Amino acid sequence: MQSTPHLDVLPPLVETGKTDELVESGRTLFTTVSPLNDSYAVFPAPLSPQFEKLSARSKSTDPGEQNIYLVSSKAPPSAERRLFIGDTSIIFAAMQNLRKTVDENGVYLTQHESIQRSIRKLALDYVNFAKECWIHTSVGASTGEGNLAAADHYRSLYTCLSLFTILYLPEYGLENAPVGDDLMEWLNIHFIEPSTEEGDHLSSLERPWEDETYWPYLTRAILRGLSKAVTFFLGTLSEHPSGNLRRLAQSIIPLLSTQPKLQHFDAERDFAYASHRWKEKVKALRIELDDVPESDRRDNFEDWWDRFSDIVGILEGREEVIRKVCEDLGADWREVCVAWGVFVDTRLRRQDLPDVVSQVLEDMPPDPTILEDMVHVALFMGDPLKALDHAAQLDPWLSAHLADMMEPLSLVEQAANDESELSVRDFSVLSYAHYLHSDPAMWRITVTYMYSCGKVGTATADEILVRVPLRLQSKPSSANDGGDSQADQGDLSAIVKDVNATCHEYQREAVRRTVCKIAAQTFVQKKEFGLAISYCSSAEDWPGLGRVIDRVLQEYIHSGPEQYTKFVSGIAPSLQGLRTNTAAHGVFTHRLMFAVRYAEFHQRLLNRDLQDAAWDLVSMLQEGIAPKAWWAVLLCDAFELLQYDPTPLFSYAGACVLLRRLDEIISRTAQGAGEDYLKILEAKLRIDGQKDTQKRLQLVRFALAKYFARCAMIGTGGTQTVPRRVDPTV
């Protein structure tokens, strides 16, 4: 796979055309390579120590320049590549389920017929998907809508996968059967020769043997076992002026059409016997050919006897003739090796292929710059490790999925390397997963591959999950843009739910809780406090829950009671669930209860339901619901209610509760503990220093004194309390 030629980051580290400003500021761009994959950390840094002070000043004025960007050197997958990756990941998941089932049952993968058949079926699924993607991209390339290089790439994957399936995953019970016919079918499917255009050209001629391409076409067709094309063009020789050639052509046609094929026989012994008898007929044809007089071995265009002799030599299985013919035709080592299994040694088995291939490669070496050829060589030679090495260079997808099938077939070591703690299979799969991570949006598929790679893969996948971008589709929303805010909330919730579902699937509870904590923090930033509390509760992050509640209470200080009550309306439903949650810490539930009750109090004030508001205020102080840090704020809230003229709102006992709390604040402040009682009131009043807050509390004291005097004058004193007329909303 190719690396991306350049990397773009947002927001840009350096604006276009402003690189000089970066140099003048004494900074440059630094990169650090990840030890795990092909990603980089990119960040600005000072060129030398004398510029550090300047850089420090820049940091304070332009915090955006301090971003550290994690970028991949691999280009993100294209649209058609994403489709291919997604479809084949389903097959990969099925393979993992098969392995899991086998491990649970204790059955070794290659010892059971149904299991081996299942692996073969999954391998064929890979082959078919590669084929479909190749066809799709080829059609697009032909119409100008696709990429010809991409089409050729998928063709390479198709050839490699199908060859692997033929050599290492044959039909059950046929592992030791001759492989020549299967390889010839593979060669004809993937490397079509002779071309259809050549055949069409020759068939349009009245005397095709006069064309210089006739005999090469005929020889190549015989070498490839294309009996129909061969029969047709041999039939055209019935008009040839040489009677000997006409007779020989008629003699060879039935031989070609009756060449034994393994799939036509129930037993290999029958196939071997038929092949022997067929070779005897070829020998008879050779005798007949040798009897042709020298004077009749040429026509006006070609030495037809020499050409015909090469054809008979191929049928005889003469190794030197096949090599010579392939060299003359421009064929490569593959064609020689495959023809060897069809004509030279019809009983050639898979385990015998390396010996044949090594002989052929001495005279016809492959092109080392063509990775597809190198994968083919390694597969023919029975060298899975080399095949994986070349496949990784061709496409990490190919090496990962080949290795995943090789391990259960015992083609590669299952034991982990002592240094890397990874097996051959895990190394290939994990390398592919790192490539997938070049596109953060594909995190679901990425972790699927990683979690199949033991402890190292699991640890890496955990880090991926906790770093899943939670705002892939979100946009900055304003207070006046409720639609965008709802869309953002939906996007974020959906992503978090997907991550949680993935954590449940792979039993990563600690990761799930971490993700919920991160989501809660994100919702707090978006002021979606109800969802933040929900995720804190899901993560059992009780200190985090307390911080969320504190943020809600801060909204009262910064935004006022009206906005505060709106925020609390979103978190009030969480209170009942936390009350029934035995794992929830009481102190944080208690704090949430205060936030809800305090919002109810202000809602009653806004509704002018002053009697119940006064009852709420007293009960929060009397029942210990209100934290001591908020007592001063509540007492200041009571100031207006104490001065209400139409009727007293507090009972004598209620007023006494207010007075006791006020006395405690004043006395504790005098003892030096004022910060514990007055800090929030100072923030609310936006003042700095305890003198102003104490003055405000003195006003409350005066209001209480007047209230007691008023109660005495109208005779409403005593210990009774005014009964509440309305039940609390929570």
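Residues numbered from 1 in each chain as written. Predicted model: local features only at pLDDT ≥ 70, side-chain atom pairs only at ≥ 80, totals over all residues. Heavy atoms only, no water.

Draft legend 1. Looking closely at the overall build of the protein. Counting its regular elements, the protein contains 31 helices and three strands. A separation of at least 24 residues holds for 66% of the contacts in the protein among residues at least 6 apart in sequence. Total accessible area computed for the protein in this model is approximately 36300 Å², and 51% of it derives from carbon and sulfur atoms. (Helix = DSSP H or I, 4+ residues; strand = E, 2+ residues; numbered from the N terminus. Contact = heavy atoms within 4.5 Å. Areas by Shrake-Rupley, 256 points an atom, 1.4 Å probe, with all protein chains shown as cover.)

Draft legend 2. Region of interest: the state of the cysteines. Throughout the structure, instances matching the rule amount to zero disulfides. Its sulfur unpaired, Cys711 is 9.4 Å from the next cysteine sulfur, which belongs to Cys656. For Cys711, a relative accessible area of 1% puts it in the buried group. (Disulfide = S-S within 2.5 Å. Buried < 20%, exposed > 50% of the residue type's maximum accessible area, 1.4 Å probe, protein only.)

Draft legend 3. Fine view of the packing of helix α4 (residues 113–142) against helix α5 (residues 148–168). With their axes 8 Å apart at the nearest point, α4 and α5 run at an angle of 160° to one another. Taken together, the axes of α4 and α5 are roughly antiparallel relative to one another. For the pair α4 and α5, the crossing hand works out as left-handed. Touching Arg120, Ala123, Leu124, Tyr126, Val127, Ala130, Lys131, Cys133, Trp134, Thr137, Ser138 and Ala141 of α4 are Leu148, Ala150, Ala151, Tyr154, Arg155, Leu157, Tyr158, Leu161, Ser162 and Thr165, all from α5. Each residue belonging to the contact of α4 with α5 can be placed in one class, and the counts come to 15 nonpolar, four polar and three charged. (Axes fitted to C-alpha atoms, helices over the stretch in contact; angles between N-to-C directions. Parallel < 35°, antiparallel > 145°, perpendicular 65-115°, else oblique. Left-handed = near helix turned anticlockwise from the far one by under 90°. Nonpolar A, V, L, I, M, F, W, Y, C, P; charged D, E, K, R; others polar.)

Draft legend 4. Up close: the packing of helix α28 (residues 610–622) against helix α29 (residues 631–642). Interhelical geometry of α28 versus α29 gives an angle of 155° and a closest axis separation of 11 Å. Taken together, the axes of α28 and α29 are roughly antiparallel relative to one another. By crossing handedness, the relation of α28 to α29 is classed as left-handed. Together, Leu610, Ala613, Ala614, Leu617, Met620 and Leu621 of α28 and Trp631, Leu634, Leu635, Asp637, Ala638 and Leu641 of α29 make up the contact between the two elements.

Draft legend 5. Looking closely at the sheet that holds strand β1 (residues 27–33). Across the sheet, which stays open at both edges, the three strands sit in the order β1-β2-β3 with antiparallel pairing between neighbours. The sheet is open, and its two edges are formed by β1 and β3 (69–72), each paired on a single side. Taking the axes of each pair of neighbouring strands and ignoring which way they run, one obtains an average angle of 35° across the sheet. Taken together, the four bridges between strand β2 (residues 39–46) and β3 define a ladder with antiparallel strand orientation. When the sheet's bridge partners are listed, Ser39 is paired in β3 with Ser72. (Pairing = 2+ DSSP bridges.)

Draft legend 6. Representation of the pattern of salt bridges in the model. Applying the stated rule across the entire model yields 44 salt bridges. The residue Arg297 makes a salt bridge to Glu294 at a minimum N-O spacing of 3.1 Å. Among the residues examined, Glu294 registers a relative accessible area of 61% and is labelled exposed. Between Arg508 and Asp462 there is a salt bridge, with the nearest N and O atoms lying 2.6 Å from each other. With Arg508 in the loop between α22 (482–505) and α23 (509–525) and Asp462 in helix α21 (residues 454–466), the pair connects residues that are 46 residues apart, well separated along the chain. (Salt bridge = Lys/Arg side-chain N within 4 Å of Asp/Glu carboxyl O.)

Draft legend 7. Molecular detail of unusual backbone geometry. A cis amide bond links Glu193 to the next residue, Pro194, at an omega of -10°. Mapped onto the elements of the fold, Pro194 is located in the loop between α6 (180–190) and α7 (196–203). For Glu421, which is not glycine, the phi torsion reads 60° and is therefore positive. Here Glu421 shows up in the loop between α18 (396–406) and α19 (424–436). A residue is classified by how much of its surface remains accessible, and Glu421, at 54% relative accessible area, is exposed. We note that Lys527 has phi near 60°; this positive angle belongs to a residue other than glycine.

Draft legend 8. Quick look at α21. For α21, with 13 residues, the first-to-last C-alpha span of 19 Å sits near the 18 Å given by 1.5 Å per residue. Those residues of α21 that sit buried are Gly457, Thr458, Thr460, Ala461, Asp462, Ile464, Leu465 and Val466. (Expected span 1.5 Å × (residues − 1).)

Draft legend 9. Quick look at the packing of aromatic side chains. Tallied over the full model, the rule gives 30 aromatic pairs. Considering the side-chain rings of Trp134 and Tyr158, the 5.7 Å spacing of their centres and the 35° angle between planes classify their relative orientation as tilted. Pair noted here: Trp134 is in helix α4 and Tyr158 is in helix α5, with a separation of 24 residues, a long-range link. Ring geometry for Phe523 against Tyr535: centres 5.5 Å apart, planes inclined by 10°, an arrangement best described as stacked. Placement of Phe523 in helix α23 and of Tyr535 in helix α24 (residues 529–539) is noted, with a sequence separation of 12 residues between them. Taking relative accessible area as the criterion, Phe523 reaches 0% and is therefore assigned buried. (Phe/Tyr/Trp six-rings, centres within 6.5 Å; stacked < 30°, edge-to-face > 60°.)

Draft legend 10. Molecular detail of the side chain of Asp181. Following the sequence through the fold, Asp181 ends up in helix α6. The side chain of Asp181 sits in the buried core without any salt bridge; Lys261 is the nearest counter-charge, 4.2 Å away. Look past the residues within four positions of Asp181 in its chain and what remains in contact with it is Lys261, Leu262, Gln263 and Val342. (Lys, Arg positive; Asp, Glu negative; His and termini not counted.)

Draft legend 11. View of the nonpolar core. Residues Tyr598, Trp630 and Phe650 are the most contacted members of the largest nonpolar core, which totals 203 residues. Leave out the neighbours within four places in its chain, and Trp630 touches Leu553, Tyr556, Ile557, Phe594, Tyr598 and Ile680. By size, the runner-up hydrophobic cluster in this structure holds five residues, among which are Val9, Val42, Tyr69 and Val71. (Core = buried A, V, L, I, M, F, W, Y, C linked by side-chain atoms within 4.5 Å.)

Draft legend 12. Inspection of the environment of Asp462 at higher detail. Taking the relative accessible area as the measure of exposure, Asp462 reaches 12% and is therefore buried. Asp462 has contacts with Tyr451, Arg508 and Val511, leaving out every residue within four places of it along the chain.

Draft legend 13. View of helix α17 (residues 384–394). Taken together, the buried positions of α17 are occupied by Pro384, Ala387, Leu388, His390, Ala391 and Leu394. Buried residues along α17 sit against α5, α16 (371–380), α18 and α19.

Draft legend 14. Up close: the environment of His376. Within the fold, His376 resides in helix α16. Given the relative accessible area of 0%, His376 is considered buried. Remark: the alpha-carbon pair of His376 and Leu161, spanning 215 residues in sequence, is separated by 9.8 Å. Ignoring any residue separated from it by four or fewer positions in sequence, one finds His376 in contact with Thr159, Cys160, Leu163, Trp186, Phe191, Trp333 and Arg334.

Draft legend 15. Quick peek at the side chain of Ser162. Note that Ser162 resides in helix α5. On the accessibility criterion, Ser162 (9% relative accessible area) is buried.

Draft legend 16. The confidence of the model for the protein, seen in detail. Looking at the protein as a whole, the pLDDT averages 85, with 87% of positions reaching at least 70. Per-element confidence in the protein ranges from a low mean pLDDT of 46 for helix α2 (residues 52–61) to a high of 97 for α16. Per-residue pLDDT stays below 50 along residues 50–65; that stretch engages in 13 contacts with residues further than four places along the chain or on separate chains. (pLDDT = per-residue confidence, 0-100.)

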